[in-house]
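What follows is each chain in one-letter form.
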Amino acid sequence: KSGDFLEANSQMLVEEGGLVIFLDYFDHKYQLSSGSIVKFKSQGIELLRGHLRIKTLGLNTKLIKIETPNSIISFSNAEGVISFDQTSLKTDVASFDGDFDLRGKSNLNNSILVTEGNSSFVKNDFQMGIPAISGKTSSKMMDNIASIFLEYPVSRRDIASTKEKK
């Protein structure tokens, strides 16, 4: 619920049709889409399934790491989406703004810099788990990615007392 703190090694599952928004201490806003699962680690977040949107809210120099089962993504001042598909074991990274460093866990010496307007992926059975060369992402594709995270206004209602005045 709003205002709660998440502890290391806890997991969060977003039910179908849901969207969860959370912040860290380093001015990053995270949006976790419908059907996604994340695990909170002492030094970052692991996306186990689904889509995670990240946005830096201010100037930030703190390096943040997001892991998936087959990759490590690092960034400090950026906005983008990281996705992991459990069926194909594929991690996708799309940058809306800023740079993301993408590395496959099977070969940590090779990384790809995913810059603004570009995307890349890691798949264990493609290039021995080395990230694909970053390529331009069409504006239509970027809009489709962003649409996963549409925020709908939630109506707020005040609860009135039902006790009658005497």
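See the structure above.
These lines cover the structure that appears in this document, whether it is placed above or below. This one's a predicted model, so the numbers in the text were calculated from it and none came from an experiment.

The next point concerns the side chain of S71. With respect to the helices and strands, S71 occurs in strand 7 (residues 71–75). Residue classification places S71 among the buried positions, given a relative accessible area of 0%. Ignoring sequence-local partners within four residues, the contact set of S71 consists of I66, T91, L102, R103, G104, K105 and V122.

The next point concerns the pairing of strand 9 (residues 90–97). Two faces belong to every sheet, and in a regular strand the side chains alternate between them. Of the pairings in the sheet, the one linking strand 8 (residues 79–85) to strand 9 comprises 7 bridges and is antiparallel in character. Looking at the pairing, I82 lines up with V93 of strand 9. Counting the residues in the hairpin turn of strand 8 and strand 9 gives 4 residues, including L89, whose phi is positive at 55 degrees. Where strand 9 lies against strand 12 (residues 118–123), 5 bridges are found, and the strand directions are antiparallel.

Procedures and definitions
Residues numbered from 1 in each chain as written. Predicted model: local features only at pLDDT ≥ 70, side-chain atom pairs only at ≥ 80, totals over all residues. Heavy atoms only, no water. Helix = DSSP H or I, 4+ residues; strand = E, 2+ residues; numbered from the N terminus. Buried < 20%, exposed > 50% of the residue type's maximum accessible area, 1.4 Å probe, protein only. Contact = heavy atoms within 4.5 Å. Pairing = 2+ DSSP bridges.

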